[in-house]
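Okay, here's what each chain looks like letter by letter:
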Amino acid sequence: VIPVPEPLAIAAGAFVGFWTMYIHVSEPDLPWPFMGAGYHLVHHQYNWFNFGLFTMLWDYLHNTLRHPGEATRAHALKTKAARTGKANRNALEKLHQMWSDTTKKQH
């Protein structure tokens with residue numbers, strides 16, 4: 001067992017949580033090698049591609065990388081992914097507002 005400082009474990013958990021929300025909001029893609037929302041949507045569409053959580057590196061090396069195209073973006077606008085993205089954006093806005101309210105009360 002490797003001891004991990006509690007603040008690091010909390011920060012890593014928060015990062016993964018925010019990243020998970022990001023890749024499900026159907027927002028613009030990130031530059032190589034990061035796995036953006038468009039690439040993750042392809043994973044949900046076809047199930048056999050784009051397995052990476054943070055990067056495309058392993059998908060590239062194992063030939064499971066599939067690039068999103070206009071059809072993927074059009075599909076996102078017509079499906080649950082677009083509605084889920086809106087719900088996630090609303091949740092992020094509420095979280096930001098809660099954080100702002102909390103920090104105002106502390107000052």
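Shown above is the structure to which this text applies.
Quick caveat: nothing in here was measured; it's all calculated off a predicted structure.

With that settled, consider the overall build of the protein chain. In terms of regular secondary structure, the protein chain is built from five helices and zero strands. For the protein chain, the α and β elements follow one another from N to C terminus as α-α-α-α-α. Counting over 107 residues, the protein chain shows a buried share of 25%. Put simply, of all contacts in the protein chain between residues at least 6 apart along the chain, 42% involve residues at least 24 apart. Per element, the accessible surface of the protein chain, about 8,000 Å² overall, is 66% carbon and sulfur.

Okay, the nonpolar core next. Counting five residues, the largest nonpolar core is built from Trp19, Tyr22, Ile23, Val25 and Ala37. Setting aside its immediate chain neighbours within four residues, tryptophan 19 contacts Leu30, Phe34, Met35, Leu53 and Phe54.

Let us look at helix α2 (residues 37-46). Every α-helical turn comprises 3.6 residues, leaving residues that sit three or four positions apart pointing alike. Within α2, seven of the 10 residues are buried, which leaves it mostly tucked inside the rest of the structure. Within the span of α2, buried status applies to Ala37, Gly38, Tyr39, His40, Leu41, Val42 and His43. With its phi angle positive at about 65°, asparagine 47 sits one or two positions after the end of α2.

What follows is about the environment of tryptophan 19. Position of tryptophan 19 relative to the elements: it lies in helix α1 (residues 6-22). On the accessibility criterion, tryptophan 19 (12% relative accessible area) is buried. Linking tryptophan 19 and phenylalanine 54, residues 35 residues apart in sequence, is a C-alpha distance of 8.2 Å.

Overall, the coordinates contain five aromatic pairs when judged by the stated rule. Ring geometry for tryptophan 19 against tyrosine 22: centres 5.6 Å apart, planes inclined by 55°, an arrangement best described as tilted. On the criterion of helical spacing, the pair formed by tryptophan 19 and tyrosine 22 is a turn pair, its members being three residues apart in helix α1. Of the two residues, tryptophan 19 and tyrosine 22, both sit in the buried class. Chaining the aromatic ring pairs together yields one cluster made of Phe15, Trp19, Tyr22 and Phe54. Positioned above the aromatic ring of tyrosine 46, the side-chain terminus of arginine 66 is 4.1 Å from the ring centre. Directly above the aromatic system of phenylalanine 49 lies the positively charged group of arginine 66, at a separation of 4.8 Å from the ring centroid.

The rules behind the values
- Residues numbered from 1 in each chain as written.
- Predicted model: local features only at pLDDT ≥ 70, side-chain atom pairs only at ≥ 80, totals over all residues.
- Heavy atoms only, no water.
- Helix = DSSP H or I, 4+ residues; strand = E, 2+ residues; numbered from the N terminus.
- Buried < 20%, exposed > 50% of the residue type's maximum accessible area, 1.4 Å probe, protein only.
- Contact = heavy atoms within 4.5 Å.
- Areas by Shrake-Rupley, 256 points an atom, 1.4 Å probe, with all protein chains shown as cover.
- Core = buried A, V, L, I, M, F, W, Y, C linked by side-chain atoms within 4.5 Å.
- Phe/Tyr/Trp six-rings, centres within 6.5 Å; stacked < 30°, edge-to-face > 60°.
- Lys NZ or Arg CZ within 6 Å of the ring centre and 35° of its normal.

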